[in-house]
Amino acid sequence: MDQCIFCKIINKEIPKEFDYESDHIVVFPDINPSADVHLLIVPKKHISGMGQLGREHGDLLIEVYEVVNKLVLENNLREDLYRVVVNGGKAQHIPHLHFHLLGGQWKKYV
Ligand code: 5GP
Ligand code: ZN
(Lines give C-alpha, C1' and ligand atoms only; values in the text may rest on other atoms or scores of the structure.)
(Ligands and ions follow the chains in the order given, each with its own letter.)
Protein backbone atom coordinates (compact mmCIF):
# COMPACT_ATOMS: atom_id res chain seq x y z
CA MET A 1 0.00 0.00 0.00
CA ASP A 2 1.59 3.24 -1.22
CA GLN A 3 0.59 5.57 1.60
CA CYS A 4 0.86 3.09 4.49
CA ILE A 5 3.56 4.14 6.96
CA PHE A 6 4.18 0.58 8.17
CA CYS A 7 4.55 -0.63 4.55
CA LYS A 8 7.11 2.15 4.05
CA ILE A 9 9.01 0.99 7.15
CA ILE A 10 8.83 -2.67 6.00
CA ASN A 11 10.05 -1.70 2.49
CA LYS A 12 12.88 0.34 4.09
CA GLU A 13 11.67 3.57 2.46
CA ILE A 14 11.77 4.92 6.03
CA PRO A 15 14.96 3.81 7.81
CA LYS A 16 14.25 1.81 10.96
CA GLU A 17 16.26 -0.74 12.86
CA PHE A 18 14.37 -3.98 13.29
CA ASP A 19 14.53 -6.02 16.51
CA TYR A 20 13.53 -9.02 14.44
CA GLU A 21 12.88 -9.82 10.79
CA SER A 22 11.71 -12.94 9.00
CA ASP A 23 10.14 -13.53 5.58
CA HIS A 24 6.72 -12.67 7.04
CA ILE A 25 7.20 -10.43 10.09
CA VAL A 26 9.17 -7.42 11.32
CA VAL A 27 9.49 -6.10 14.86
CA PHE A 28 10.45 -2.54 15.80
CA PRO A 29 9.94 -0.30 18.85
CA ASP A 30 6.87 1.91 19.08
CA ILE A 31 7.82 5.55 18.47
CA ASN A 32 5.68 6.67 21.45
CA PRO A 33 6.04 3.89 24.04
CA SER A 34 3.21 3.10 26.46
CA ALA A 35 5.32 0.80 28.63
CA ASP A 36 8.98 0.10 29.49
CA VAL A 37 9.04 -2.42 26.64
CA HIS A 38 6.75 -1.51 23.74
CA LEU A 39 7.43 -3.43 20.55
CA LEU A 40 5.29 -3.66 17.44
CA ILE A 41 5.06 -7.08 15.76
CA VAL A 42 4.02 -6.34 12.20
CA PRO A 43 3.19 -8.79 9.39
CA LYS A 44 4.97 -7.73 6.19
CA LYS A 45 1.85 -8.33 4.12
CA HIS A 46 -0.53 -5.37 4.21
CA ILE A 47 -3.59 -6.63 6.07
CA SER A 48 -5.61 -3.63 7.21
CA GLY A 49 -6.77 -5.03 10.52
CA MET A 50 -8.01 -8.02 12.46
CA GLY A 51 -11.36 -7.81 10.63
CA GLN A 52 -9.54 -8.90 7.47
CA LEU A 53 -8.05 -12.04 9.04
CA GLY A 54 -9.16 -15.42 7.78
CA ARG A 55 -8.18 -19.07 8.07
CA GLU A 56 -5.52 -18.53 5.40
CA HIS A 57 -3.62 -16.45 7.95
CA GLY A 58 -3.37 -19.29 10.48
CA ASP A 59 0.36 -19.93 9.96
CA LEU A 60 1.09 -16.21 10.11
CA LEU A 61 -0.73 -15.85 13.44
CA ILE A 62 1.17 -18.79 14.92
CA GLU A 63 4.42 -17.19 13.78
CA VAL A 64 3.38 -13.89 15.41
CA TYR A 65 2.95 -15.62 18.78
CA GLU A 66 6.20 -17.58 18.34
CA VAL A 67 7.95 -14.23 17.84
CA VAL A 68 6.12 -12.77 20.86
CA ASN A 69 7.38 -15.65 23.03
CA LYS A 70 10.94 -15.12 21.78
CA LEU A 71 10.72 -11.36 22.54
CA VAL A 72 9.30 -12.08 26.01
CA LEU A 73 12.36 -14.22 26.79
CA GLU A 74 14.85 -11.77 25.24
CA ASN A 75 13.40 -8.86 27.22
CA ASN A 76 13.24 -10.86 30.48
CA LEU A 77 9.47 -10.38 30.72
CA ARG A 78 8.54 -13.96 31.62
CA GLU A 79 8.33 -13.20 35.34
CA ASP A 80 7.23 -9.62 34.77
CA LEU A 81 3.97 -8.06 33.57
CA TYR A 82 3.35 -8.27 29.84
CA ARG A 83 0.44 -8.00 27.45
CA VAL A 84 -0.24 -8.37 23.74
CA VAL A 85 -2.73 -5.81 22.42
CA VAL A 86 -4.39 -5.55 19.03
CA ASN A 87 -6.48 -2.43 18.53
CA GLY A 88 -9.49 -2.27 16.22
CA GLY A 89 -12.12 0.22 15.13
CA LYS A 90 -11.49 3.74 16.40
CA ALA A 91 -8.78 2.45 18.76
CA GLN A 92 -6.65 1.52 15.73
CA HIS A 93 -4.70 4.43 14.28
CA ILE A 94 -2.47 2.72 11.73
CA PRO A 95 -4.49 0.65 9.25
CA HIS A 96 -1.90 -2.12 8.89
CA LEU A 97 -2.36 -5.09 11.24
CA HIS A 98 0.08 -5.00 14.18
CA PHE A 99 0.43 -6.50 17.63
CA HIS A 100 1.68 -4.41 20.54
CA LEU A 101 3.91 -6.25 23.05
CA LEU A 102 3.85 -4.21 26.26
CA GLY A 103 6.02 -5.17 29.18
CA GLY A 104 7.16 -3.88 32.55
CA GLN A 105 5.78 -0.65 33.92
CA TRP A 106 2.59 0.34 32.08
CA LYS A 107 2.44 4.11 31.37
CA LYS A 108 -0.75 4.70 29.39
CA TYR A 109 -3.23 2.96 27.13
CA VAL A 110 -2.05 2.16 23.62
P1 5GP B 1 -2.64 1.58 16.94
O2 5GP B 1 -3.32 2.73 17.61
O3 5GP B 1 -2.89 1.61 15.44
O4 5GP B 1 -2.94 0.25 17.55
O5 5GP B 1 -1.10 1.76 17.18
C6 5GP B 1 -0.27 2.47 16.34
C7 5GP B 1 1.05 2.64 17.07
O8 5GP B 1 2.03 2.97 16.12
C9 5GP B 1 1.03 3.75 18.11
O10 5GP B 1 1.36 3.19 19.39
C11 5GP B 1 2.08 4.75 17.61
O12 5GP B 1 2.85 5.29 18.67
C13 5GP B 1 2.92 3.90 16.68
N14 5GP B 1 3.50 4.62 15.55
C15 5GP B 1 2.88 5.52 14.76
N16 5GP B 1 3.72 5.95 13.79
C17 5GP B 1 4.90 5.31 13.98
C18 5GP B 1 6.15 5.35 13.30
O19 5GP B 1 6.36 6.06 12.33
N20 5GP B 1 7.13 4.55 13.79
C21 5GP B 1 6.93 3.75 14.89
N22 5GP B 1 7.97 3.02 15.30
N23 5GP B 1 5.76 3.68 15.54
C24 5GP B 1 4.75 4.46 15.09
ZN1 ZN C 1 0.72 -1.39 5.09
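Below or above, wherever it landed, is the structure these notes cover. (Residues numbered from 1 in each chain as written. Chains lettered and ligands numbered in written order. Predicted model: local features only at pLDDT ≥ 70, side-chain atom pairs only at ≥ 80, totals over all residues. Heavy atoms only, no water.)

## A closer look at the site of ligand 1
At step 1: Residues in close proximity to ligand 1 total 17 residues, the closest being P29, D30, N87, H93 and H100.
At step 2: Within the side chain of K16, an N or O atom sits 3.2 Å from a nitrogen atom of ligand 1.
At step 3: Within the backbone of I94, a nitrogen or oxygen atom sits 2.9 Å from an oxygen atom of ligand 1.
At step 4: Among the secondary structure elements, those contributing two or more residues to the shell around ligand 1 are α1 (5-10) and β2 (25-29).
At step 5: Sorting elements by how many residues they give to the shell around ligand 1 places α1 first, with three residues.
At step 6: Class assignment of the residues belonging to the shell around ligand 1 gives a composition of nine nonpolar, six polar and two charged. (Near = heavy atom within 4 Å. Polar contact = N/O pair within 3.5 Å; in protein donor to acceptor, adjacent residues only side chain to side chain. Helix = DSSP H or I, 4+ residues; strand = E, 2+ residues; numbered from the N terminus. Nonpolar A, V, L, I, M, F, W, Y, C, P; charged D, E, K, R; others polar.)

## Considering the coordination of the zinc ion (ligand 2)
At step 1: Distances from the zinc ion (ligand 2) to its protein donors, C4 (SG), C7 (SG), H46 (ND1) and H96 (ND1), fall within 2.0 to 2.3 Å.
At step 2: One can describe the donor arrangement at the zinc ion (ligand 2) as tetrahedral, given that its four donor atoms subtend angles of 104 to 117° at the metal.
At step 3: Counting residues between consecutive donors of the zinc ion (ligand 2) along the chain gives the motif C-x2-C-x38-H-x49-H. Here C4, found in the segment before α1, pairs with H46, found in the loop between β3 (35-43) and α2 (58-74); they are 42 residues apart in sequence, far enough to count as distant.
At step 4: Looking at H46, the relative accessible area reads 23%, which means it is partly exposed. (Donors = N, O, S within 2.8 Å, 3.2 Å for Na, K, Ca; no water. Tetrahedral: all angles 85-135°; square planar, octahedral: opposite > 155°, others 65-115°. Buried < 20%, exposed > 50% of the residue type's maximum accessible area, 1.4 Å probe, protein only.)

## Section: the packing of aromatic side chains
At step 1: Scanning the model with the defined rule gives four aromatic pairs in all.
At step 2: Look at Y65 and F99: their rings are 6.1 Å apart centre to centre, the planes differ by 80°, and that puts the pair in the edge-to-face class. Of this pair, Y65 sits in helix α2 while F99 sits in strand β5 (residues 99-106), and the two are 34 residues apart along the sequence.
At step 3: Judged by relative accessible area, which is 40%, Y65 ranks as partly exposed.
At step 4: By relative accessible area, which is 4% here, F99 ends up buried.
At step 5: Taken together, the ring pairs in this structure connect F6, F18 and F28 into an aromatic cluster.
At step 6: In this arrangement the basic side chain of R83 is found over the ring face of W106, its NZ or CZ atom lying 4.4 Å from the centre. (Phe/Tyr/Trp six-rings, centres within 6.5 Å; stacked < 30°, edge-to-face > 60°. Lys NZ or Arg CZ within 6 Å of the ring centre and 35° of its normal.)

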